[in-house]
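# Reading the structure
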Amino acid sequence: MIILDTTIVNVALPSIQSDFHISQSSLTWVIDGYLITFGSLLLLAGRLGDLFGRKRIFLAGIAAFVATSMLCGVAPTEGTLVVGRFLQGAAAALASSVIIAIIAVEFPEPADRAKAMSLYTFVIAGGASLGLLLGGVLTETINWHWIFFVNLPIGAVAYFMGRALIAENEGIAAGERIDWLGSVLITGSSIALIYALIKIPEWGWTGDRTLGLAGLAALLLAAFLALESRISNPIMPLRVLGLRSLMTANLVRGFLVTGAYSTFFLGALYFEHVRGMTPVQIGLAFMAMSLSLAAMSSGLSARLVERFGAKRTLVVGIAGPVLGLLLFSQIGPSTAYFPTVFVSLALLGLGFGAANPPLMMTAMEDVPDRDAGLASGTIQVSIQLSAAIGLAALGTVATDRTNALRAAGESASQALSDGYHLAFLIAAGAAAVGIVIAIFALRAPTAQEIEQEVEEGAPVGIEAEAAERAERLAA
């Protein structure tokens, strides 16, 4: 539901603009408002899960997301819709920031966790693909208001099932004073950075406003780090930054997302502007990626991790997006969908489906129980920041290349196609960098090693909480 909301709204933007009679610059706030609060509140929301209970934060986020979706759906004016989108992004941050921590604790056995992470990966990519398709269908057959109303039944089911099935962790706040100043500083830094990133296509990389917001983000971050190193109850303990598996996995994920995930959005633009597809056709085209992800998430990825270990599965998995993007960069305006376009998207789905579960498992491997929510938040932040940076960088590359070719006398359609092709090649290179980092810097324990730790009664990191909870349940 949350990931779907990042794509479903894009399809309805022309209808929203027509109904409210607003300018293009005003319309961008319908997207930007959601992204700003979503990306900037993930770290804080993840830490709140550690302090007050991850289940409690998750359910609060789901309930708030349903309420704000209703607000957006019935919005009578542009201002009401934009406010609703800001609030909806904040609710999304609450719900999504703790999900990975909840999964890691609920599934202590490596094989079970691999299956859960595979399904989680499918839900992410499937939601993005479904958003394009469902957004087109709802907007064309009913009206744009229903892109928000569709969240109500999904959110209601998620809330009541989550309330019944998710086990709660004991919050570690224990009456301690909360570091609200640190919360304000890290949130302010995140807002400034996220806003600068999403405005780069409009302001430019070296524009005064871009550099000014980036400088403000850096200043607030420096103040935040100085504060956290001096107080006894930091909102983000700096020890988390010393967890090598978490930080390295986030770095690998950053390059993978920059290449594979960002290209999902650029690919949609390519299909629309170069190949002239409708929103529904674009959604159907991406079904190749969703179906291949579904095949990998049905248990194949988990079996690969169990047999070959997390690191080998990860490295081979990232090779899928690299090959898929290289193939995608050779597609022309008249290239038939079968087999070239289908195979390139299928490779993206297979590779992302294989790489993401072991990457998440490795990231959470040495995280202490008390910091699991914060670690989960850093994973989500790495995805959001990498996607924003990737979209800004690759979008700028595509635009500059297109303009240069047009100035050289190239036809508009060919120049546009070549601009996207260059962006896809760079995206493939970014994913390839992720492979190099994974091979030489990432130490991912094998499934056998993790199982042996649990059997010997000396689990570490997130396994410790899972083992203790299992003992309490048995008692």
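Residues numbered from 1 in each chain as written. Predicted model: local features only at pLDDT ≥ 70, side-chain atom pairs only at ≥ 80, totals over all residues. Heavy atoms only, no water.

## Overview of the overall build of the protein
The condition that has to hold: Put simply, DSSP marks the helices as runs of H or I at least four residues long and the strands as runs of E at least two long, and each gets a number from the N terminus on. For the radius of gyration, the atoms used are the C-alpha atoms, and the globule rule reads 2.2 Å times the number of residues raised to 0.38. Throughout, a residue-residue contact means that at least one pair of heavy atoms, one from each residue, lies within 4.5 Å. Computed by Shrake-Rupley with a 1.4 Å probe, the accessible areas treat only the displayed protein chains as cover when residues are assessed. Under this rule, positive means Lys or Arg and negative means Asp or Glu; His and the chain ends count for nothing. Each charge is placed at NZ for Lys, CZ for Arg, CG for Asp and CD for Glu.
Scanning the protein from terminus to terminus reveals 21 helices and 0 strands. Taking 2.2 N^0.38 as the reference for a compact globule, 475 residues should give roughly 23 Å; the C-alpha atoms of the protein span a radius of gyration of 22 Å, in line with that estimate. Judged by the C-alpha coordinates and their principal axes, the protein covers about 70 × 50 × 45 Å. By sequence separation, contacts in the protein at least 24 residues apart represent 83% of the contacts at least 6 residues apart. Surface exposure of the protein reaches about 19400 Å², of which carbon and sulfur atoms provide 66%. Across the protein, the 26 positively charged side chains and the 34 negatively charged ones have centroids separated by 2 Å.

## Side note on the nonpolar core
The condition that has to hold: The nonpolar core is taken to be a set of buried Ala, Val, Leu, Ile, Met, Phe, Trp, Tyr and Cys residues, with the residues joined through side-chain atoms within 4.5 Å. Categorising residues by exposure relies on relative accessible area from a 1.4 Å probe, with only protein chains included: less than 20% of the type maximum marks a residue as buried, more than 50% marks it as exposed, and the intermediate range marks it as partly exposed.
By size, the foremost hydrophobic cluster in this structure holds 100 residues, and its most contacted members are Phe58, Phe271 and Leu345. By residue number, the principal contributor to this core is helix H13 (residues 244-273), which donates 13 residues. Ranked by size, the runner-up nonpolar core spans 19 residues in total, among them Ile16, Phe20, Leu27 and Phe148.

## Quick look at the environment of glycine 324
Note that glycine 324 resides in helix H16 (residues 310-328). Not counting the four nearest positions on each side in its chain, glycine 324 is found in contact with Ser344 and Leu347.

## Regarding the confidence of the model for the protein
Detailed reading of the predicted model is not advised wherever pLDDT is low. Note the cut-off: The quantity known as pLDDT measures the predictor's confidence residue by residue, on a range of 0 to 100.
The predicted model of the protein has a mean per-residue pLDDT of 85, with 92% of residues at 70 or higher. Per-residue pLDDT stays below 50 along residues 456-466; that stretch engages in 29 contacts with residues further than four places along the chain or on separate chains.

## A word on helix H18 (residues 372-407)
To keep things clear, this is the line we draw: The span one expects for a helix is its residue count, reduced by one, times 1.5 Å.
With 36 residues, H18 should reach 52 Å at 1.5 Å per residue; the first-to-last C-alpha distance of 52 Å fits that figure. Backbone geometry just after H18 places glycine 409 at a positive phi near 100 degrees.

## Some words on the side chain of threonine 313
Cut-off, in case you're wondering: Pairing of N or O atoms within 3.5 Å defines a polar contact, subject to two protein rules: one partner must be a possible hydrogen donor and the other a possible acceptor, and residues neighboring in sequence count only if both atoms are side-chain atoms.
Mapped onto the fold, threonine 313 is located in helix H16. For threonine 313, a relative accessible area of 5% translates into the label buried. A distance of 3.3 Å separates a polar atom in the side chain of threonine 313 from the backbone oxygen of leucine 304. A polar contact is formed between the side chain of threonine 313 and the backbone oxygen of glycine 309, at a distance of 2.8 Å. Excluding residues within four positions of it along the chain, threonine 313 makes contact with Leu304, Val305, Phe308, Ala354 and Pro358.

## Concerning the pattern of salt bridges
Here is the rule we go by: Any carboxyl oxygen of Asp or Glu within 4 Å of a side-chain nitrogen of Lys or Arg constitutes a salt bridge here.
For the structure shown, the criterion picks out 7 salt bridges. The partner of aspartate 32 in a salt bridge is lysine 199, with the nearest N and O atoms 3.4 Å apart. Note that aspartate 32 is positioned in helix H2 (residues 24-40) and lysine 199 in the loop between helix H10 (180-198) and helix H11 (200-203), a separation of 167 residues in sequence. The exposure class assigned to aspartate 32 is buried, which follows from its relative accessible area of 8%. Using a relative accessible area of 6% as the deciding quantity, one classes lysine 199 as buried. Note that glutamate 202 is salt-bridged to lysine 199, the shortest N-O span being 3.2 Å. It is possible to trace a salt-bridge network through shared partners that takes in Arg47, Asp50, Arg54, Arg239 and Asp371.

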